[in-house]
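Understanding the architecture of this molecule
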Amino acid sequence: MKRKLMAALAPPLAVCQYGCAGCCAAPIGVFWVTGIIGIIYGFMGGPTGLEQISWTTSLLGLGLWIIAAVWAETTIRGVEADQEDPNCKTKNSSICRIVKPALDEADPLDEVKKIQQSG
């Protein structure tokens, strides 16, 4: 329950705490901060400078916040599924971090070392 509440209120922090920060905490943070700014800007009259609340702008900000919260929850679930199946055999994870190279594929670092030694 704490994870879901944190994902709803502070999505990028929830991804850093319960998921992996490198997955997508930065874009989630951009959506979340933009949502907050949109809500505040809507209460100040929005882009048209209305004397009352610009509900369209506030609802757009709320929509961005909801997108960030759903994205954070999806990311956290994917990371948890990764941890349950580290070799990705069941393919239930939406974020499978393990990528196995093909057998005939050369190691890119070996190629760099060869170029540096020959030069």
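Residues numbered from 1 in each chain as written. Predicted model: local features only at pLDDT ≥ 70, side-chain atom pairs only at ≥ 80, totals over all residues. Heavy atoms only, no water.

Before going further, it helps to spend a moment on the environment of Tyr18. Following the sequence through the fold, Tyr18 ends up in helix H2 (residues 11-18). Using a relative accessible area of 26% as the deciding quantity, one classes Tyr18 as partly exposed. Between the alpha carbons of Tyr18 and Ala7 there is a distance of 9.4 Å; along the sequence they are eleven residues apart. (Helix = DSSP H or I, 4+ residues; strand = E, 2+ residues; numbered from the N terminus. Buried < 20%, exposed > 50% of the residue type's maximum accessible area, 1.4 Å probe, protein only.)

Counting residues in each nonpolar core, the largest one holds eleven residues, listed as Ala7, Ala10, Ala14, Val15, Cys24, Ala25, Ile28, Trp32, Ala68, Ala72 and Ile76. Sorting the residues of this core by element identifies H2, helix H3 (21-43) and helix H4 (55-84) as the ones contributing at least two each. Ranked by residue count, the leading element in this core is H3, at four residues. Aside from chain neighbours lying at most four places away, what touches Ala68 is Pro11, Ile28, Phe31 and Trp32. (Core = buried A, V, L, I, M, F, W, Y, C linked by side-chain atoms within 4.5 Å. Contact = heavy atoms within 4.5 Å.)

This part is about the side chain of Ser58. Along the chain, Ser58 falls in helix H4. Excluding anything up to four places from it in sequence, Ser58 contacts Gly38, Ile39, Gly42, Phe43 and Ile53.

For any two aromatic rings, the description comes down to two numbers: the centre-to-centre distance and the angle of the planes. For the structure shown, the criterion picks out three aromatic pairs. Centroid distance Trp32 to Trp65: 6.3 Å. Interplanar angle 85 degrees. Geometry classified as edge-to-face. With Trp32 in helix H3 and Trp65 in helix H4, this residue pair connects regions lying 33 residues apart in the sequence. (Phe/Tyr/Trp six-rings, centres within 6.5 Å; stacked < 30°, edge-to-face > 60°.)

As a packed pair, H2 and H3 sit with axes 8 Å apart at the nearest point and diverge in direction by 170 degrees. If you check the angle between H2 and H3, you find them roughly antiparallel. Residues Pro11, Pro12, Val15 and Cys16 of H2 lie in contact with H3, whose contacting residues are Ala21, Ala25, Ile28, Gly29 and Trp32. Class assignment for the residues of the contact of H2 with H3 results in eight nonpolar, one polar and no charged. (Axes fitted to C-alpha atoms, helices over the stretch in contact; angles between N-to-C directions. Parallel < 35°, antiparallel > 145°, perpendicular 65-115°, else oblique. Nonpolar A, V, L, I, M, F, W, Y, C, P; charged D, E, K, R; others polar.)

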